[in-house]
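In case you want the letters, here they are:
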Amino acid sequence: MSTLSRRQTLASMLGGTALLAMARTTKAASKTLNVLSHNVHRTVLTTGAAGDLTDTWRKSNDAEISWTTFDSNPLQDRLFREASLNQTEFDVGYLIDNRPTSQIAKLFEPLGPYQAKAPIEAFEDIAPGLVSAFTVDGNLIAIPVRHATQALFYNEALLEEKGIKTPPTTIEELVDQAKQLTFTSKAGTPVVGMVLASDLAVFPVMFARAFGGDFITKDFRLVPDTGAMEKALGVLKDMFDAGALPRSYATTKNDDQVTWLQQGRAAFTVLPFARFAQVNNKDQSAYPGRIKAVEFPISSALKGQVAMAAVVESWGMVIPANARNKDFSWSYIQAMSSKAVTTGAARNGNGPVRVSTYADPTFAASQPLATLEAQVLSRARPAFPAFPEGVRAQAILLEEVQLAVLGRKPVKDAVAAIRDRVRPLLPS
Amino acid sequence: MCGNRILIGLGKSAAVALILAWSLFPIAFVVLSSFKPGRDIFAVPPRFLFDPTVQHYLALATTWGGFFQGLYNSLIITAGATVLAVTVSVMAGYIYSRHRGALMTGSVVFLIVVRLIPPIVVTLPLFPILNWLRLNDTHAALILLYATFFVSLGTLLMRTFIDQVPRELDEAALIDGAGRVKILTGVIVPLVAPGMLAVAVFVVVYAWNEFLFAFIFTATKAKTAPLVISEMIGSIDGVDWGVLFAASTVQLVPVLVFVALMHRYLIAGLTAGATKG
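Each residue is numbered by its place in its chain's sequence as written, counting from 1. Following the order in which they are written, the chains are lettered starting with A and the ligands numbered starting with 1. Side-chain atom pairs in this predicted model are given and counted only at pLDDT of 80 or more, local residue features only at pLDDT of at least 70, and totals for whole chains, interfaces and linings cover all residues.

**Side note on the overall build of chain B**
And then number 1: Only runs of H or I of at least four residues qualify as helices and only runs of E of at least two qualify as strands under DSSP, and these elements are numbered from the N terminus. Within chain B, the secondary structure is distributed over 12 helices and zero strands.
And then number 2: Going from N to C terminus, chain B has its helices and strands arranged as α-α-α-α-α-α-α-α-α-α-α-α.
And then number 3: For chain B, the spread of C-alpha atoms along the principal axes amounts to about 70 × 70 × 35 Å.
And then number 4: Field definition: a residue is buried when 20 or more other C-beta atoms are found within 10 Å of its C-beta, exposed when 12 or fewer are, and partly exposed for counts in between, with C-beta atoms placed from the backbone. Looking at chain B as a whole, 36% of its 277 residues qualify as buried.
And then number 5: Sequence separation of at least 24 residues holds for 80% of the intrachain contacts in chain B that already meet a minimum separation of 6. Any residue pair is listed as a contact if its two C-beta atoms, each placed from the backbone, are within 7 Å.

**What about the overall build of chain A?**
And then number 1: Looking only at helices and strands, chain A has 19 helices and 11 strands in total.
And then number 2: The reference for a compact globule is 2.2 Å times residues^0.38; the radius of gyration itself is calculated from the C-alpha atoms. For chain A, the C-alpha radius of gyration of 24 Å lies close to 22 Å, the compact-globule estimate for 428 residues.
And then number 3: Structurally, chain A occupies a C-alpha span of about 75 × 65 × 45 Å along its principal axes.
And then number 4: In chain A, which comprises 428 residues, the share counted as buried stands at 49%.
And then number 5: Here the contacts in chain A between residues at least 6 apart in sequence split such that 75% fall between residues at least 24 apart.

**With respect to the environment of arginine 221 of chain A**
Residue and element names in this part refer to chain A.
And then number 1: Along the chain, arginine 221 turns up in the loop between helix H10 (202-210) and helix H11 (226-241).
And then number 2: Note on arginine 221: 12 C-beta atoms within 10 Å, which makes it exposed.
And then number 3: Put simply, arginine 221 and arginine 423 are 202 residues apart on the chain and 9.3 Å apart in space, counted from C-alpha to C-alpha.

**Overview of the nonpolar core**
And then number 1: One finds Phe153, Met194, Met206, Ala232, Leu233 and Ala267 of chain A to be the most contacted residues of the largest nonpolar core, which totals 128 residues.
And then number 2: Ranked by the residues each element gives to this core, the list is headed by H11 of chain A, at eight residues.
And then number 3: Mapping this core onto the domain boundaries places at least three of its residues in each of domain 1 (31-148 + 312-379) and domain 2 (149-310 + 385-425) of chain A.
And then number 4: With residues up to four places along the chain from it excluded, the contact list for phenylalanine 153 of chain A reads Leu261, Phe268, Thr269, Leu271, Val279, Ile291 and Ala293 of chain A.
And then number 5: Joined through C-beta atoms within 7 Å, a set of buried Ala, Val, Leu, Ile, Met, Phe, Trp, Tyr and Cys residues constitutes a nonpolar core. Membership of the second largest hydrophobic core comes to 59 residues, among which are Leu60, Ile143, Val203 and Trp241 of chain B. The domain boundaries here were taken from an automatic or database domain assignment.

**With respect to the interface of chain A and chain B**
And then number 1: Residue-level contacts link 37 residues of chain A with 26 residues of chain B.
And then number 2: Looking at the side of chain A that touches chain B, the elements that each hand over two or more residues are helix H1 (6-23), helix H2 (39-46), strand S2 (63-69), helix H4 (72-83) and helix H12 (254-263) of chain A.
And then number 3: Among the elements that line the side of chain A that touches chain B, the one with the most residues is H12 of chain A, at five residues.
And then number 4: Here the side of chain A that touches chain B is composed, by residue class, of 10 nonpolar, 18 polar and nine charged. All residues other than Ala, Val, Leu, Ile, Met, Phe, Trp, Tyr, Cys, Pro, Asp, Glu, Lys and Arg, Gly among them, are scored as polar; the first ten of these are nonpolar and the last four charged.

**Brief notes about helix H1 (residues 2-33) of chain B**
Residue and element names in this part refer to chain B.
And then number 1: Expected helix span is taken as 1.5 Å per residue step, with the number of steps being one fewer than the number of residues. The end-to-end C-alpha distance of H1 is 44 Å, a good match for the 46 Å that 32 residues give at a rise of 1.5 Å each.
And then number 2: One fitted axis covers the seven residues ending at a residue, a second covers the seven starting there, and the bend at that residue is the angle between these axes. Its maximal kink placed at leucine 24, H1 deviates by approximately 40 degrees, while the proline proline 26 follows within four residues.
And then number 3: Within H1, only one of the 32 residues are buried, which leaves it mostly out in the open.

**Focus on the domain arrangement of chain B**
And then number 1: We note that the domain assignment places domain 1 (1-25) and domain 2 (55-270) within chain B.
And then number 2: Placing a centre on the C-alpha atoms of domain 1 of chain B and another on those of domain 2 of chain B gives a separation of 35 Å.

**A word on the domain arrangement of chain A**
All names here are of chain A.
And then number 1: Assigned domains within chain A: domain 1 (31-148 + 312-379) and domain 2 (149-310 + 385-425).
And then number 2: For domain 1 and domain 2, the distance between their C-alpha centres works out to 28 Å.
And then number 3: Between domain 1 and domain 2, the contact holds 17 residues from the first and 17 residues from the second.
And then number 4: At the level of elements, strand S6 (143-155) and helix H17 (370-379) are the ones that each hand at least two residues to the side of domain 1 that touches domain 2.
And then number 5: Here the element with the most residues in the side of domain 1 that touches domain 2 is H17; it accounts for five residues.

**A look at unusual backbone geometry**
And then number 1: The amide bond that connects valine 44 of chain B to the next residue, proline 45 of chain B, takes the cis arrangement and shows omega of 0 degrees.
And then number 2: Relative to the elements of secondary structure, proline 45 of chain B occurs in the loop between H1 and helix H2 (55-63).
And then number 3: Of note, the phi angle at valine 223 of chain A is positive, near 40 degrees, even though the residue is not glycine.
And then number 4: Tracing the backbone shows valine 223 of chain A in the loop between H10 and H11.

**Considerations on the pairing of strand S11 (residues 312-318) of chain A**
Residues and elements named next belong to chain A.
And then number 1: Across the seven residues of S11, seven count as buried, placing the element largely inside the fold.
And then number 2: Here S11 shows a buried face lined by Val312, Ser314, Gly316 and Val318 and a second buried face lined by Glu313, Trp315 and Met317.
And then number 3: In this sheet, S11 lies alongside strand S3 (residues 92-96) in antiparallel orientation, the contact comprising four bridges. Looking at S11, one finds that tyrosine 94 is bridged to methionine 317. Whether two strands pair comes down to DSSP finding at least two bridges between them.

**A closer look at the environment of serine 34 of chain B**
All names here are of chain B.
And then number 1: Tracing the backbone through its elements, the reader meets serine 34 in the loop between H1 and H2.
And then number 2: The sequence separation of serine 34 and glycine 80 amounts to 46 residues, and the corresponding C-alpha distance is 30 Å.
And then number 3: Non-local contacts of serine 34, meaning those with residues more than four positions away in its chain, are made with His56, Gly242, Phe245, Ala246 and Thr249.

**Focus on the pairing of S3 of chain A**
Residue and element names in this part refer to chain A.
And then number 1: The buried count for S3 comes to five of five residues, which makes it a mostly enclosed element.
And then number 2: Neither face of S3 is left uncovered, since the one carrying Val92, Tyr94 and Ile96 and the one carrying Gly93 and Leu95 both have all their residues buried.
And then number 3: Across two bridges, strand S1 (residues 31-37) lies against S3 in parallel orientation. Within the sheet, the bridge partner assigned to leucine 36 lies in S3 and is glycine 93.

**Considerations on the confidence of the model for chain B**
Parts of the prediction with low pLDDT should not have their coordinates interpreted in detail.
All names here are of chain B.
And then number 1: The quantity called pLDDT is the predictor's confidence in a given residue, expressed from 0 to 100. Of all residues in chain B, 94% have pLDDT values of 70 or greater, and the mean over the chain is 88.
And then number 2: Highest mean pLDDT in chain B belongs to helix H3 (residues 66-98) (95); lowest belongs to helix H12 (residues 241-270) (85).
And then number 3: With pTM at 0.80, the complex prediction returns an ipTM value of 0.74.

**Some words on the packing of helix H6 (residues 139-163) of chain B against helix H9 (residues 193-209) of chain B**
All names here are of chain B.
And then number 1: Here an angle of 0 to 180 degrees is reported between the N-to-C directions of two axes, which are lines fitted to C-alpha atoms, with helices fitted over the stretch in contact. One way to put it is that H6 packs onto H9 with a least axis distance of 9 Å and a crossing angle of 155 degrees. On the basis of their axis angle, the class for H6 and H9 is roughly antiparallel. H9 is crossed by H6, and the crossing has right-handed handedness. When H6 is examined against H9, the residues Tyr146, Phe150, Leu153, Gly154, Leu157, Met158 and Phe161 are found in contact with a partner set consisting of Gly195, Ala198, Val199, Phe202, Val203, Tyr206 and Ala207. Angles are sorted into four bins: roughly parallel if under 35 degrees, roughly antiparallel if over 145, roughly perpendicular if 65 to 115, and oblique for all others. Handedness of a crossing is defined here by the sense of rotation of the near helix relative to the far one, left-handed for an anticlockwise turn of less than a right angle and right-handed for a clockwise turn.

Laid out in structure tokens, this is it:
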């Protein structure tokens, strides 16, 4: 049997490298805008029903956009490190609304002067709540570009299989239906009633708000209604004990929610409205067109008296204070914030920050949830306000929630621990 | 007695089969899934019979063109780090093999201590330093870092190989008028080439798959394939698992082929010095 000699192997490797080097193509553009963002920001501006929305800006500026994309937390980490250097290669960054504390805000250019010099089209059309989230110490440091408002998604086919005609309108009905929908489907798939990621604060906060409570309010009141938080964790624990949450709850991630819903392994989950197209994608989903969404339901005791405040997370575009060409950066932000691009990005799957987008017939026609989303957005607020120890506070919340849900700690003790451990982290 | 031997043999075979299955299952899952239609990848019950498709590879080529640029960067960086690490390891290993003393012993201890430092400890302080040196987002930064972290192990490995080369050969070459460099390149290197390949295998496998340094120290120009793959995992808009598995398969193939070709030298490297000749 013949074998490759060392010389032959080395020669092949060097030859392969040389071939790759020759095949390498280079782009020709006079300017490059370096953007540090999540992949979703790139895709909603470049692919989808509305096509490449950056084309006009690129041509008029004779520029190319170089995207560096990371997942949310690594992205924020990288953005802050880049912005803390003497100079950064990045011209524009994308910031999450619960991160800009006073310290963080100093890393970015105040955008008021740019807005005064070259204003964004119809700036007042951008949802004021989203703008205020990026206003720190009186300075606007980011222009909102995307929101993700949570909804209750459900698999209509699975509900029909169990004879459930309508989705839940109260959280009590949700829990009851989730327990009923823990079964083995006709397709032979073991189904759990609900799947939730255990590493996101969004979900325990949604459940707490459904009972009239919260984690940290806008004015930094911690667990303002202890009873509501205990009910929320109690309901989650009850669902886990009944098998309506997966046994793997402690390791379930956000991507698992989408996969499980698409595969018919879960009947309910909580996801942003913008995921509607993805969960119904015919190439990925076993139930294309059968996955619907409604507003996350409130408790029956509060229904009709208090509106459910869904969690909304928003993103904004920032200019690092150490960026090289800030006017160039602003021209990109201005262009991407226009009405036309906002509507186009919405058609590409983005959560639009402009109120007028929801009234646009081209958007409404392509997004069956547009009207519902607009209603929910009007009442939504972030999971918690930004403060320096916010990430640690979130980690503590998640740890105690997991201990309670898995039965490792009594619910009352978990809620007490959340209060005791998070209180010292709040701004004084 | 004969029955015992059969049982022991069966037990060993079962253990090897279990370890192989444990190790190979994730790779097999990734590769097979890259050819499965998207909706069948995570189907429960699992679908073992399916119509294979190359749509994910096509989608990878059309929507993630940056992945191939990342592969190119990975190749350059891996090749550079390997050449640098092996060259320095051979030179250092020769000195450690032919010279003794308290200073040499002390520096060997230092080499071992360096290996104990978790890379994360040095990455964050290094970030502003490399930025000041204008090495951020360059191939050179990663080549230097990867080589640095493997020179210690490489040196100790090469010392073991060079120890097996009789000193008399050095002396004979010296008598013939050869200098130290000539002895190293003309006498030692040809005889310890298997050891050099063993070091190369370690560096290649590490550098090809390394993520932490690439994440901290690159942005666009020197971004490596593992980094691009990590970008395919998005917590906001979801993962196209088929494309992700296609990218993982493409990234897996070169290093698998390389290790398969070099596995003899890898085993030689792992067992170097196990017996005294």
